[in-house]
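What the coordinates show
Each chain, letter by letter, is given below.
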Amino acid sequence: MIEMVRKNARFFLPAALAGLALRLFLLFRAPAVVDDSRLYADIAKNWLLHGVYGITNSGVIMPTLSRLPGYPAFLAGIFWLFGIDNFRAVLFIQVILDLGTCFLIAEVAGRLFSNRAAKAAFLLAALCPFLANYAAAALTETLEVFFTALALNLAIRGLNIEARASRPRLTWLACGLAIAGALLLRPDGGILLASMGGYLLWLLVRALRRQVSLLPASLTPRSLLVAGVLVATGALAPLAPWTIRNLHTLHRFQPLAPRYANDSDEPLMPGFNRWVKTWMADYVSVEEIYWPVPGSDIEFSRLPRRAFDSPQQRDETAQLFSDYNASHDMTPELDARFASLARERIHDAPLRYYLWLPALRIADMWLRPRTELFPSDPRWWEFNDDPRWLTLSLAFGLINLAYVAFGIAGLLRGKEFFGIGLFVFFVLLRSLFLGSLENPEPRYTLECYPAVIVFASTCFRRSG
């Protein structure tokens, strides 16, 4: 990659500067320090100043396992170097890392396709407003995308495309460590490990069936087994200290973070969450219904028609909302009533619950405008927002559709290239997992954008 950048400095220098300018513009004009940012910062400060990995609760520091240690460690390091609560420094470093992601994506496209594809991939990544937007947000996304791109990059090197990869065992171990970086940021980083393992297993089956003409000569069954072991070791070994700490401090076996990012003393709402999954299909309902519970009012009028199948269900749901709004507390009794309603709806329409709604949630996460970090109205289709934010929503929606369309077109064009199957497997597996969640948030598909951009770069492929 360094050699290609050096030879094409007239392209990469202005493209990198354009990407940097976009990110700095967003950093200065629309920095995002949200509630999650402050929670991560609280953990980082307690860890740095008091030696306790915990959250501050009524002035008392309580050990926590609700968040994995990757991002708090990142914040603690920056706070130590540049000062406590220096979020500006955090965002500047994220901007640099995000530009590094662009180079990683470009190198993958160059290895798989051509130098021309690498240039296209770099430009698509550098000018991607969604990657740039999250670089200006004190959240895990930028680091998660960086480690995802790094792991995929190292995997392509390890697959020894055109027999140019050196030190394959070290490359596969480094790939595992990159996956560990993603895992230590968010538990869904495990999808990357599952994708890598699944793809290597598929290659192993092909090698054992002696389909050697379809594989590089260096990919023997033995080398693939070794690659799988090294990736798993590199990915899982760094989780051991976190797991041991949770056992020792909180007496709980928790290798990752809990599904709902809760501590042991925090109540869960399994009935409410299951009921939400019987009708939730879009991000707007996440903001209006899912996030406010518990603690804030929820408006019954905001429920879509698919939330009830009969007048009786509508009346029952309205009563549940009224009872909740009276105290803003999801009591066990109230949660059980939501659970009963969920069971009834699932029994009456199992395909809707297990198939159609997950498909709609996946489509919503992939296709809706990615403006959740801006004060845009999530109900953009009602066209009653402030004109500038409505324009932004429409523009982001069209840009997102363009990236997805180019990605699909490029995949169809480049599907014969060895190694691209890894990216397909990752996108499919992650999408299926996201469909199982009750809260379809567009940011969850951002980790797939390195793969989307690699696919799209095939549309610009040409030798040289």
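Use the structure listed above.
Bear in mind that the values here come from a model prediction, so they are computed numbers and not experimental data.

Taken as a whole and judged by the stated rule, the model has 30 aromatic pairs. Where Phe28 meets Phe92, the ring centres are 5.9 Å apart and the plane angle is 70°; that geometry is what we call edge-to-face. Residue Phe28 is located in helix α2 (residues 9-29), and its partner Phe92 is located in helix α5 (residues 87-112); the two are separated by 64 residues in the primary sequence. Residue classification places Phe28 among the partly exposed positions, given a relative accessible area of 48%. Members of the aromatic cluster, each reached through a chain of ring pairs, are Phe272, Trp275, Trp279, Phe300, Phe308, Phe321 and Phe338. The side chain of Arg67 reaches across the aromatic face of Tyr40, ending 5.8 Å from its centre. The ring of Trp202 has Arg206 sitting right over it, with the charged end atom 4.4 Å from the ring centre.

Moving on: empty space enclosed by the protein. Applying the stated rule across the entire model yields one cavity of 30 Å³ or more. Reported here for the largest cavity is a volume of approximately 40 Å³. In this structure, the largest cavity is lined by Leu104, Ile105, Val108, Ala149, Leu152, Asn153, Phe423, Pro450, Ala451 and Val454. Here the lining of the largest cavity is composed, by residue class, of nine nonpolar, one polar and no charged.

Now for helix α13 (residues 270-277). Most of α13 sits inside the fold, with six of its eight residues counted as buried. For α13, the set of buried residues is Gly271, Phe272, Asn273, Trp275, Val276 and Lys277. The inward-facing, buried residues of α13 contact α14 (283-290), α15 (311-327), α16 (332-348) and α17 (350-367).

Note on pairing: side chains with opposite charge can pair once their charged atoms come close. Taken as a whole, this structure holds 24 salt bridges when the rule is applied. Among the ionic pairs, Glu107 bridges to Arg157, the shortest N-O distance being 3.0 Å. Taken together, the residues Glu107 in helix α5 and Arg157 in helix α8 (residues 141-158) connect sequence positions 50 residues apart. Classification of Arg157 by relative accessible area gives partly exposed; the value is 28%. A salt bridge links Arg443 to Glu141; the shortest N-O distance between them is 2.8 Å. A residue pair is termed long-range when its members are at least 10 positions apart, and Arg443 in the loop between α19 (420-435) and α20 (449-457) and Glu141 in helix α8 qualify at 302 residues. As far as the burial class goes, Arg443 and Glu141 line up, both buried.

Parameters and conventions
Residues numbered from 1 in each chain as written. Predicted model: local features only at pLDDT ≥ 70, side-chain atom pairs only at ≥ 80, totals over all residues. Heavy atoms only, no water. Phe/Tyr/Trp six-rings, centres within 6.5 Å; stacked < 30°, edge-to-face > 60°. Helix = DSSP H or I, 4+ residues; strand = E, 2+ residues; numbered from the N terminus. Buried < 20%, exposed > 50% of the residue type's maximum accessible area, 1.4 Å probe, protein only. Lys NZ or Arg CZ within 6 Å of the ring centre and 35° of its normal. 1 Å grid on protein atoms, 1.4 Å probe; cavity = no way out; pocket = protein on both sides within 12 Å on 5 of 7 lines; lining within 4 Å. Points joined across faces, edges and corners; volume = space filled by probe spheres on them. Nonpolar A, V, L, I, M, F, W, Y, C, P; charged D, E, K, R; others polar. Contact = heavy atoms within 4.5 Å. Salt bridge = Lys/Arg side-chain N within 4 Å of Asp/Glu carboxyl O.

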